[in-house]
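Spelled out, the chains give:
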Amino acid sequence: MAAANEGLTIWLTGLPSAGKTTIARGLAARLRAEGRRVEVLEGEAVRAQLGRELGFSKEDRDENVRRIGVLADLLSRNGVIAIVAAVSPYNEARERVRSLHGLRFVEAHVAAPVEVCAQRDVKGLYARQRAGEVKGLTGVDDPYEAPLAPEVIVPTHAQSPEDSVDAVLVAARRAMVLARGGAAGK
Ligand SMILES: Nc1ncnc2c1ncn2[C@@H]1O[C@H](COP(=O)(O)OP(=O)(O)OP(=O)(O)O)[C@@H](O)[C@H]1O
Ligand SMILES: [Mg+2]
């Protein structure tokens, strides 16, 4: 059985189509293959289940991030690796989630230039924004605040998904060691 102190939250933040879901799935597969318990929390899925009244104002986006953070904290403090794939555009909201977790938290900036993300346009959001069908698209006509001190930055325009997953895994393993040391000292 996984020890409670092996839990960790891996928070993937970045623009739409930056690669969060792709990396989350890759990470989950790798970690499950090691016998770890893993839960992937997709920002949109949490919003659909627990944030049905929320829109896309700053306040509502921050509230969705807060709720995802509460779930991730509950999971990770019980030995689960919670992998979050959420645009989560605002620094302060992400920092609040980090504070909730203490050392059990790794922030990965899934970073690709907006031009590359718009080219990928996995969900067609960038095209819909250009067509005037959606407003407030993060990185285009809504803010994205890049993390100031993430544990890892993955430039997904310049590396393969496998290399991105590897880079996040290195940061995650380092954090697990630190978190365990921190817990033992208490
Ligand atoms: N190094 C990489 N890491 C992740 N994805 C990559 C990488 N290189 C290319 N890609 C491609 O970029 C796309 C990223 O799409 P993905 O759905 O993962 O983005 P997302 O950040 O989850 O977007 P959204 O916020 O809209 O859910 C995929 O088609 C993926 O194959
Ligand atoms: Mg996604």
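Scroll up a little and you will see the structure.
Overview of the structure. (Residues numbered from 1 in each chain as written. Chains lettered and ligands numbered in written order. Predicted model: local features only at pLDDT ≥ 70, side-chain atom pairs only at ≥ 80, totals over all residues. Heavy atoms only, no water.)

### Some thoughts on the overall build of the chain
(1) Moving on: Assigned secondary structure in the chain consists of 7 helices and 5 strands.
(2) Moving on: Starting at the N terminus, the α and β elements of the chain follow one another as β-α-β-α-α-β-α-β-α-α-β-α.
(3) Moving on: Projected onto the principal axes, the alpha-carbon positions of the chain cover approximately 55 × 35 × 25 Å.
(4) Moving on: Buried residues in the chain amount to 46% of all 186 residues.
(5) Moving on: Put simply, the chain shows about 9300 Å² of open surface, and 55% of that area lies on carbon and sulfur atoms. (Helix = DSSP H or I, 4+ residues; strand = E, 2+ residues; numbered from the N terminus. Buried < 20%, exposed > 50% of the residue type's maximum accessible area, 1.4 Å probe, protein only. Areas by Shrake-Rupley, 256 points an atom, 1.4 Å probe, with all protein chains shown as cover.)

### Structural notes on helix H2 (residues 43-50)
(1) Moving on: Restricting attention to buried positions, one finds in H2 the residues Gly43, Val46 and Arg47. On an axial view of H2, the arc spanned by its buried residues comes to 100°, and they lie on one face.
(2) Moving on: Those residues of H2 hidden inside the fold are in contact with strand E2 (38-42), helix H3 (58-76) and strand E3 (81-85). (Arc of directions from axis to C-beta. Contact = heavy atoms within 4.5 Å.)

### Section: the pattern of salt bridges
(1) Moving on: Across all of its chains, the model carries 18 salt bridges by this definition.
(2) Moving on: Notably, a salt bridge pairs Arg30 with Asp166, separated by 2.8 Å at the nearest N-O pair. Taken together, the residues Arg30 in helix H1 (residues 20-33) and Asp166 in helix H7 (residues 161-184) connect sequence positions 136 residues apart.
(3) Moving on: The partly exposed category is assigned to Arg30, whose relative accessible area is 38%. (Salt bridge = Lys/Arg side-chain N within 4 Å of Asp/Glu carboxyl O.)

### Some words on the layout of surface pockets
(1) Moving on: Within this model, the largest pocket holds a volume of roughly 820 Å³.
(2) Moving on: Every residue lining the largest pocket is counted, 32 residues in all, and those nearest its centre are Pro16, Glu44, Val87, Lys123 and Leu125.
(3) Moving on: Among the secondary structure elements, those contributing two or more residues to the lining of the largest pocket are H1, H2 and H3.
(4) Moving on: Here the element with the most residues in the lining of the largest pocket is H3; it accounts for 4 residues.
(5) Moving on: Considered class by class, the residues forming the lining of the largest pocket number 13 nonpolar, 10 polar and 9 charged. (1 Å grid on protein atoms, 1.4 Å probe; cavity = no way out; pocket = protein on both sides within 12 Å on 5 of 7 lines; lining within 4 Å. Points joined across faces, edges and corners; volume = space filled by probe spheres on them. Nonpolar A, V, L, I, M, F, W, Y, C, P; charged D, E, K, R; others polar.)

### What about the packing of aromatic side chains?
(1) Moving on: A full pass over the atoms with the stated rule returns 1 aromatic pair.
(2) Moving on: For the ring pair Trp11 and Phe105, a centre distance of 6.1 Å and an interplane angle of 40° mean the geometry is tilted. Residue Trp11 is located in strand E1 (residues 8-13), and its partner Phe105 is located in strand E4 (residues 105-111); the two are separated by 94 residues in the primary sequence. The pair formed by Trp11 and Phe105 is uniform in burial state, with each residue classed as buried. (Phe/Tyr/Trp six-rings, centres within 6.5 Å; stacked < 30°, edge-to-face > 60°.)

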